[in-house]
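Summary of the model geometry
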Amino acid sequence: MTSESHGELEVPPIAISDEKAVELLRVWLSGGNQHISIRYDAWDDAAAWGLLLVDLARMVARAYAENDGRDADAILTRIREGFDAEWHHRAE
């Protein structure tokens with residue numbers, strides 16, 4: 001479900017009804033590159049971002065499984081391979 005403007009995703013209904021809800025991250029693909037807006041100070045402990053990234057990877061794997069029948073575990077493994085490749089690439 002996207003809006004007409006720039007392919008923006010809909011805000012989850014729970015976030016609309018929660019006065020304390022805060023958008024943490026917005027990622028755009030434009031010109032073949034990622035462009036990111038981030039609210040880095042949402043948590044005092046940066047480890048919370050690790051939890052968010054794992055939750056996101058699991059959601060993406062489930063979405064592939066639900067939408068085109070791919071194996072969620074295989075997708076999660078592939079996501080991890082990409083994560084590890086990028087981690088090592090940036091560390092050099």
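Residues numbered from 1 in each chain as written. Predicted model: local features only at pLDDT ≥ 70, side-chain atom pairs only at ≥ 80, totals over all residues. Heavy atoms only, no water.

**As for the environment of arginine 70**
What counts is decided by this rule: The helix count covers DSSP runs of H or I at least four residues long, the strand count covers runs of E at least two residues long, and both are numbered beginning at the N terminus. In this analysis, two residues are considered to be in contact whenever any of their non-hydrogen atoms come within 4.5 Å of each other. Here a polar contact means two N or O atoms within 3.5 Å. Within protein one must be a hydrogen donor candidate and the other an acceptor candidate, and residues neighboring in sequence count only if both atoms are side-chain atoms.
Position of arginine 70 among the secondary structure elements: in the loop between α2 (47-68) and α3 (72-91). In contact with arginine 70, other than residues within four places in its own chain, are Tyr64, Ala65 and Ile75. Reaching out from arginine 70, the side chain makes a polar contact with the side chain of aspartate 68 at a distance of 3.1 Å.

**Quick look at the packing of aromatic side chains**
We apply this condition: Each pair of aromatic rings taken from Phe, Tyr and Trp, with Trp reduced to its six-membered ring, is defined by centres within 6.5 Å and is described as stacked if the planes are under 30 degrees apart, edge-to-face if over 60, and tilted in the remaining cases. Accessible area is worked out with a 1.4 Å probe on protein chains only. A residue is then buried under 20% of its type maximum, exposed over 50%, and partly exposed in between.
In the structure shown here, the tally under the stated rule is 2 aromatic pairs. Summarising the aromatic geometry, the rings of tryptophan 43 and tryptophan 49 are spaced 5.1 Å apart at their centres and angled 80° between planes, so their arrangement reads as edge-to-face. The exposure class assigned to tryptophan 49 is buried, which follows from its relative accessible area of 14%.

**Let's talk about the pattern of salt bridges**
Definition in use: Put simply, a salt bridge is a Lys or Arg side-chain nitrogen that is within 4 Å of an Asp or Glu carboxyl oxygen.
Enumeration according to the criterion identifies 4 salt bridges in this entry. The salt bridge involving glutamate 23 is made with arginine 26; its shortest N-O contact spans 3.1 Å. On the basis of relative accessibility, which here comes to 45%, the residue glutamate 23 falls in the partly exposed class. Arginine 26 sits in the partly exposed class, given a relative accessible area of 33%.

**Describing the layout of surface pockets**
Test applied: Both cavities and pockets are sets of points on a 1 Å grid over the protein atoms alone; in a cavity a 1.4 Å probe fits but cannot get out, in a pocket the set is open with protein on both sides within 12 Å along at least five of seven lines, and lining residues sit with an atom within 4 Å of a point. Grid points are joined across faces, edges and corners, and a volume is the space filled by probe spheres set on the points. Note on residue classes: Ala, Val, Leu, Ile, Met, Phe, Trp, Tyr, Cys and Pro are nonpolar, Asp, Glu, Lys and Arg are charged, and everything else, Gly too, is polar.
Each pocket or cavity is described by its volume, and for the largest pocket that value is around 1200 Å³. Along its surface, the largest pocket is lined by 23 residues, and Leu9, Glu10, Pro12, Glu23 and Leu25 are the ones closest to its centre. Elements that contribute at least two residues to the lining of the largest pocket include exactly β1 (25-30) and α2. Element by element, the count of residues in the lining of the largest pocket is highest for α2, at 6 residues. The residue makeup of the lining of the largest pocket, split by class, is 17 nonpolar, 1 polar and 5 charged. Computed from the structure, the second largest pocket encloses a volume of approximately 1000 Å³. Lining the second largest pocket are 22 residues, and of these Gln34, Leu53, Leu56, Ile79 and Phe83 lie nearest its centre. At the level of elements, β1, β2 (33-38), α2 and α3 are the ones that each hand at least two residues to the lining of the second largest pocket. Grouping the constituent residues of the lining of the second largest pocket by class yields 15 nonpolar, 3 polar and 4 charged.

Shape is all these values report; function is a separate question.
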